[in-house]
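Each chain is listed here by its residues.
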Amino acid sequence: MLLRLPTSLPEAQECLTDGAVPVGGATLVWAAWQRDGFPEQAVSLREVPEANVLGAGELGAAVLLHRIDERVPEVLHRAAAGIGTGAVRRTATVGGNIVGSTLRCLLPAALVLGARARVLAAEGPFEADLAELLAKKPLLLSLHWDEPLVSGYRKATEAPGGPPPLVVATAVHPGERPGLRVAVRDGYDFLSGSVPCDTPADTVLDTLGGTAVGALPAEAREVVREQVLSTLERAASL
């Protein structure tokens, strides 16, 4: 297998045109390749500047999880810090987690941030929403978002050998009418809802119950309730 390491978008685009397969951090694809056979060519974005951005409102697909810190919102920082072991976080990438993994631990955080994706195809780079990114799985270059007022993250204790633990991500966004976004990973399912939050907390929770999040089991809804109340309290103190 030839591993190609482009240093620019035009070079990466050429790799895709030649049929190179994205490798990410190889934490997920390597075992599958060992089982099913290696591609003739693979491409890594680790040397492409646009895939390594990390700062206010942006996060590159080639960024290793252990590098994600306080430069991004709390919900994204804590989500990354809770993925796997330290050894995994020093190898796995943002793009591999969101696009290549069934767990998609960073996805709830991206959803509540209202993140948009910049992706690369053989025809060139373009903007996509998260739904298109997950459905068509183009090569992710970076995520971009507008900064929230506050955000929060909660991950339930993982049961050995059980399903993926419950994850609840929250964020309050500014505006003439501030909005609360909630995203949940329940098993392998992802649910999200968005509601105004300029009303009393009980009203916000009632309105949220009318979104997809309201279909969660009672135990999960209680975790959502606690996380939402904590996030609203922090937003109100600003």
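Now for a description of the structure that goes with this document. (Residues numbered from 1 in each chain as written. Predicted model: local features only at pLDDT ≥ 70, side-chain atom pairs only at ≥ 80, totals over all residues. Heavy atoms only, no water.)

1. With respect to the nonpolar core
- With 37 residues, the main nonpolar core has Val94, Leu106 and Leu143 as its most contacted residues.
- Those elements giving two or more residues to this core turn out to be α3 (74–81), α5 (94–100), α6 (107–112), β6 (116–121), α7 (130–136), β8 (139–144) and β10 (167–173).
- Residues within four places of leucine 106 in sequence aside, it is in contact with Leu65, Leu76, Ala79, Ala80, Ile83, Val94, Asn97 and Ile98.
- Core analysis: the next-biggest nonpolar cluster, separate from the first, contains 20 residues, Leu180, Cys197, Val223 and Val228 among them. (Core = buried A, V, L, I, M, F, W, Y, C linked by side-chain atoms within 4.5 Å. Buried < 20%, exposed > 50% of the residue type's maximum accessible area, 1.4 Å probe, protein only. Helix = DSSP H or I, 4+ residues; strand = E, 2+ residues; numbered from the N terminus. Contact = heavy atoms within 4.5 Å.)

2. Examining the sheet that holds strand β12 (residues 189–196)
- Judged by pairing direction, the sheet is antiparallel, and its four strands sit side by side in the order β9-β10-β11-β12 without closing on themselves. Both outer strands of the open sheet, β9 (150–155) and β12, are each paired with one neighbouring strand and no more. Mean inter-strand twist for the sheet, computed between neighbouring axes without regard to direction, equals 10 degrees.
- Relative to strand β11 (residues 179–186), β10 runs antiparallel, the two sharing seven bridges. Note on β11: the bridge partner recorded for threonine 170 is valine 182. (Pairing = 2+ DSSP bridges. Axes fitted to C-alpha atoms, helices over the stretch in contact; angles between N-to-C directions.)

3. Observations concerning unusual backbone geometry
- Of note in the backbone geometry, arginine 104 takes a positive phi value of approximately 45 degrees without being a glycine.
- Considering the arrangement of structural elements, one finds arginine 104 in the loop between α5 and α6.
- For arginine 104, a relative accessible area of 16% gives the class buried.
- A positive phi angle is found at lysine 137, which is not glycine, with a value near 50 degrees.
- Considering the arrangement of structural elements, one finds lysine 137 in the loop between α7 and β8.
- What makes lysine 137 partly exposed here is its relative accessible area of 47%.

4. Describing the sheet that holds strand β4 (residues 54–55)
- Overall, antiparallel pairing links the five strands, which are arranged β4-β5-β8-β6-β7 in an open sheet. The strands lining the two open edges of the sheet, one partner per strand, are β4 and β7 (124–128).
- In terms of strand pairing, β4 meets strand β5 (residues 58–60) through two bridges, oriented antiparallel. Each residue of the ladder has a partner; that of glycine 55, found in β5, is glutamate 58.
- On top of the sheet, helix α1 (residues 9–17) reaches β6, β7 and β8; it is set at about 60 degrees to β6, its chief contact.

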